[in-house]
Amino acid sequence: MTIWFRVVAMVSAVALWAVPAMAEGKPLQDHTEHWNTLWHHVILDMTAIAVVFAAITIWFLVKYKRTSEDQEGDSPSLSFGASMAWAIIPIFLFLADDFYLAANGWKLWNDQRQVPENAMEVKVTASMWSWEYEYENGKTSEDLVVPVGAPVVVRGSSDDVVHGMSLADFRIKEDIMPGRITYLWFYPKEVGEHVWTCTEYCGLNHSDMYNKVVVKSKADFDSWLGTKG
Amino acid sequence: MKEWIFTTDHKRIGILYLVGSIAAFAVAGIMALLIRVELSSLGPTLVEDASQYNVWLYFHGAAMILAFLIPGLTGFVANYCIPLMIGAHDVAFPRINAFSVWLFWFAIVLALLTFVIPDPPDVLWTGYPPYSVQTDGNTAFYVFTVHLLGFSSILGAVNFLCTVIYMRAPGMGWNQLNVFVWTTLGAFVIQLVMIPVLASAVTLLLFDKYLGTTFFNPENGGDVLLYQNLFWFYSHPAVYVILLPAVGIILEVLATFARNPVFNYKVTVYGGIWGTVLLGSDVWAHHLYTSGMVDWLRIGMMVTTLLISLPVGLLTISLVGTLYKGSISFKTPMVYATSTLFLILLGGLTGIPLAMTSLTVHLAETYFVMAHFHYIMGITATFAVFAGVYYWFPLMTGKMYNETYSQIGFWLNFIGVNLTFWPLFGIGIDGMPRRYFDYQMYPEFESTQMLSTVGAFIVAAGMAITILTWIHGAILGEKAKPNPWGSKSMEWTHCEYPPGPGNFPTPPEVTAEWSPYNYGKHTAQSL
Amino acid sequence: MIRWLLIIALLLLSGVDEANCTSLPSDSQIDPELLRVDDKEYLGVKVTEGSVFIDSQGKEFTWKDLGDKPVILVLSYYTCDGFCPAFNTELRSVLERVQNLSRVKIGDDFAVLTLSFDGNDDPESAGMFREKLALPDELEKDWKVAVFKERDRIKSFTNKIGYKFFWSPPDRMFFHPNAFYFITPERRVSRILHNSLTDASDMELAILDAKFSRMKPTEIVNFAVSLCYSYNYKEGKYGLNYPLFIAFGSLFGGITAFAVAANVSRKKAEKLKISRGKGEKL
Ligand SMILES: [Cu+2]
Ligand SMILES: [Cu+2]
């Protein structure tokens, strides 16, 4: 019976911790960092489960190797209680893990979808097989040029088929299609260059549908934005 | 020849399914090699541009899933084994069964026409509009292939559900069924309920493309995302149509070669198998985490998707538990089965971040996803089919395969697939997108791509050896002794070698203590 | 079998639709198409930037004060003696019908903002305009008629949402588009309806669309309703999302097929006297 108490206590502890975590959701300036942290946790979680299962499997395979031709298996019969325990205890353990993952996943999701108030708006139009970025002053560009240190939201739709906006370095992506408006936002922390790719199959030149994301200093960006392009 | 074409015997039909699906597997495997060679170096390698390459992608995906895995598992194994396992003389509707296998063969021919028609389909196996409507490729071939295979599957589903419900041997209760029979029932329920949705969705594609309707054209009131939802409404559960029978085969093989009953039978069946069927139909939107669907729906589906870990976890425990205190012998079927324990672990656990919407927002459409589903669906299920072929080989042919060459084939396959797909997880996390003909934006991935290509050729060698051992064994193999593995399951204990027409010399009846897992002191009651 | 069901369903469906195209009252000599907002160009645009409004009672307010709900935005000018009052009156009567359908309620689910694009309007003319609208009690509270606090912001605001208008001296009137803008709680344009004869269900669906991302679990019916329809850009109105119904039909077809086969097979099994065994209990 004590095991039951432990399981229930554990699940409720996780739930107690998870529920406020879900309710929270203040926009964070950098979901990329958050992604990397959560990814780290999940990798540890996965590895732990993998090691446990793999170790037990290997142990069984070695230990219970057949020794004589007519040897039969000797597995015990499970009583009703034991067989239920073998269902319910693992279910609670997995459930606790799922709760933990869901709560954390939810928090990150809020960061990813809540666009900061001060984000710079860039309109994007996808078509086979290129991207066009349009800034609020009407300037258009084939590369996405952004200033460092301010969140950017890219929003738009496609002229023809479904394409995918993907910024692997910033751990974010979203499809873009005709008839709907979709968006993603990111926070360029440092001056530099990144890759923007198309991640939804769109035919012949799908893999050529990429461009640069150029993060410039504020001054460089302003002078770039001022010139007609 | 004629008695094979016009056969209504479930065993021959099963073997016809096997031959057809292995043919599809071989051609789709060659496509995989072409794809791997093309990707082995930066820039165009085999062909000038992506037009050919995109057709390979289409054929590889569509044929592997629709023409190899699903018919291999629910066509071949189910047809051959289920009537033998439940003590029936045939299926409920033998002529309809023959018709299904014909439809399947027509579909294979139709799929192979991809290589001779001008403008072959280039819509992947998903056929998303508007691309599939706008392309010059012949989307109709894709649609008709889906129709034929879908119709064949629905007929099969009705047939087998009726067979298991009404034709079990006298005395055989539900808890005395082989686990494989249960997994197939689960798979067929999914097929029956869900395939019509896929069939109607692709039919509407056809109308949009050739009759000028606008079901999926937003300009005229259609909805692009609705197709994706309908497609995955079937196609995610289709993963379980593949995974469940695969797990079923693996459990049969583990039980026989560990000489143990399936661990925690009732929990495995009612919790693991039926839990997967029930939950598996509520998680399709995890394929749409980056689709632009409304935010809260995407996060809601994260919860249901994570919950899949419960029944699948029970199945995994059952797989490992079956080995406990067993008497394990490592014949070829068993090495395939035990290797899948590790493959399922790898493929299943890499599914955890992919269940989480916010992590998938980066991982979707990258090599990470691709490697994940190749492990869990492609390789695990393929190895399960191979385990099954080796396991029932003496029964089907009355002869024995060559153990040494089969083991060599296994190790080449096992090392090969891991060499092919392990490295791809890494470059996937770094951002390598799927379905790319070239990767000019990521030149640093070239060596990893090359490594993966080498792995693919090792697999190819392993597969060739494996298939040769079957052909060699079937023609020149030594005569097998009856029930060479010492199984307690009905197809081994009550049949002749190989079983003749009508299956059983005398119609079997079973007692209340009988179970296909009567190992040691176990009876049906102690499972 | 499934294919036939489909074909029959399609034949039935092919009889529907076609009718109802956009029609503007012909009191304008200008080609109305010129004044149509290119909706696809402007969907998703954010409207908030620095806008402060003054309502007909002289009270200042911003987008935030309209609450966390969708807003129907109508641009008008208050000295207009022809179309603008008519257009707003039209909206009033459509909204009365929407209220009667009682799926969405003004105040709870959305608010209305009539805004002047004419720099000469002031709270007073807004008040007169509002009076003439004769809003019933239920609409009165959450329908603001307002002007911009800073007139020089008008042009940039209308440009941003693609609303083109100009003064025609000979006619002594403004030419301008007749459009309802649906603004999400995040204050972005989610839909632009042009039809001056907009019917209540289009209005309702556009409101549901605007609040789609904010729907609560209790609004499951609204959610389902909005799934059943999709927007037709060419016709500027909503229509049934046919594939959804066809899919449901096929789902049902699959289950029926099994029921029929199970029945046939049971009879067959009985006829062949295949005993079904005694271990039937689960
Ligand atoms: Cu693309
Ligand atoms: Cu899936």
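See the structure shown above.
1. Examining the interface of chain C and chain B
Across the boundary between the two partners, chain C contributes 40 residues, which contact 40 residues of chain B. Connecting chain C to chain B are one salt bridge. Across the contact surface, chain C and chain B share seven residue pairs in polar contact (both at pLDDT 80 or more). Per-element tally for the side of chain C that touches chain B: the top contributor is helix α9 (residues 242-271) of chain C, with 17 residues.

2. Concerning the pairing of strand β8 (residues 182-186) of chain A
All names here are of chain A. Along β8, five of the five residues are buried, which leaves the element largely enclosed by surrounding structure. Two elements, strand β5 (residues 152-158) and β8, share five bridges in a ladder whose sense is antiparallel. Pairing of Val153 across the sheet is with Trp185, part of β8.

3. Observations concerning the packing of aromatic side chains
A complete count under the given rule lists 79 aromatic pairs over all chains for this structure. Ring pairing ties together the aromatic residues Phe25, Phe68, Tyr336, Phe383, Phe386, Tyr390, Phe393, Tyr401, Phe410, Trp411, Phe414 and Trp470 of chain B, which thus form one cluster. One residue, Lys139 of chain A, lies across the ring of Trp224 of chain A, its end atom 4.5 Å from the ring centre. Sitting over the ring of Trp174 of chain B, Arg168 of chain B keeps its end group 4.1 Å from the ring centre.

4. Topic: the interface of chain A and chain B
Between chain A and chain B, the residue contacts involve 72 residues of the former and 88 residues of the latter. Buried area between chain A and chain B, both sides added, is near 7,200 Å², and the carbon and sulfur share of it is 67%. The largest per-residue losses of area from chain A upon contact with chain B belong to Arg66, Trp109 and Tyr201 of chain A, which jointly make up 11% of the total buried on that side. Our enumeration of links across chain A and chain B arrives at six salt bridges. At the junction of chain A and chain B, the tally comes to 33 residue pairs in polar contact (both at pLDDT 80 or more). Among the secondary structure elements, those contributing two or more residues to the side of chain A that touches chain B are α2 (31-63), α3 (80-113), β7 (172-176), β8 and β9 (192-198) of chain A. Per-element accounting of the side of chain A that touches chain B gives the leading share, 16 residues, to α3 of chain A. Per-class residue counts for the side of chain A that touches chain B are 41 nonpolar, 15 polar and 16 charged.

5. Describing the sheet that holds strand β1 (residues 120-127) of chain A
In space, the five strands of this open sheet follow the order β3-β2-β1-β5-β8 (chain A), with mixed pairing throughout. The sheet terminates laterally at β3 (140-141) and β8 of chain A, the two strands that pair on one side only.

Cut-offs used in this document
- Residues numbered from 1 in each chain as written.
- Chains lettered and ligands numbered in written order.
- Predicted model: local features only at pLDDT ≥ 70, side-chain atom pairs only at ≥ 80, totals over all residues.
- Heavy atoms only, no water.
- Contact = heavy atoms within 4.5 Å.
- Salt bridge = Lys/Arg side-chain N within 4 Å of Asp/Glu carboxyl O.
- Polar contact = N/O pair within 3.5 Å; in protein donor to acceptor, adjacent residues only side chain to side chain.
- Helix = DSSP H or I, 4+ residues; strand = E, 2+ residues; numbered from the N terminus.
- Buried < 20%, exposed > 50% of the residue type's maximum accessible area, 1.4 Å probe, protein only.
- Pairing = 2+ DSSP bridges.
- Phe/Tyr/Trp six-rings, centres within 6.5 Å; stacked < 30°, edge-to-face > 60°.
- Lys NZ or Arg CZ within 6 Å of the ring centre and 35° of its normal.
- Buried area = accessible area lost by both parts, 1.4 Å probe.
- Nonpolar A, V, L, I, M, F, W, Y, C, P; charged D, E, K, R; others polar.

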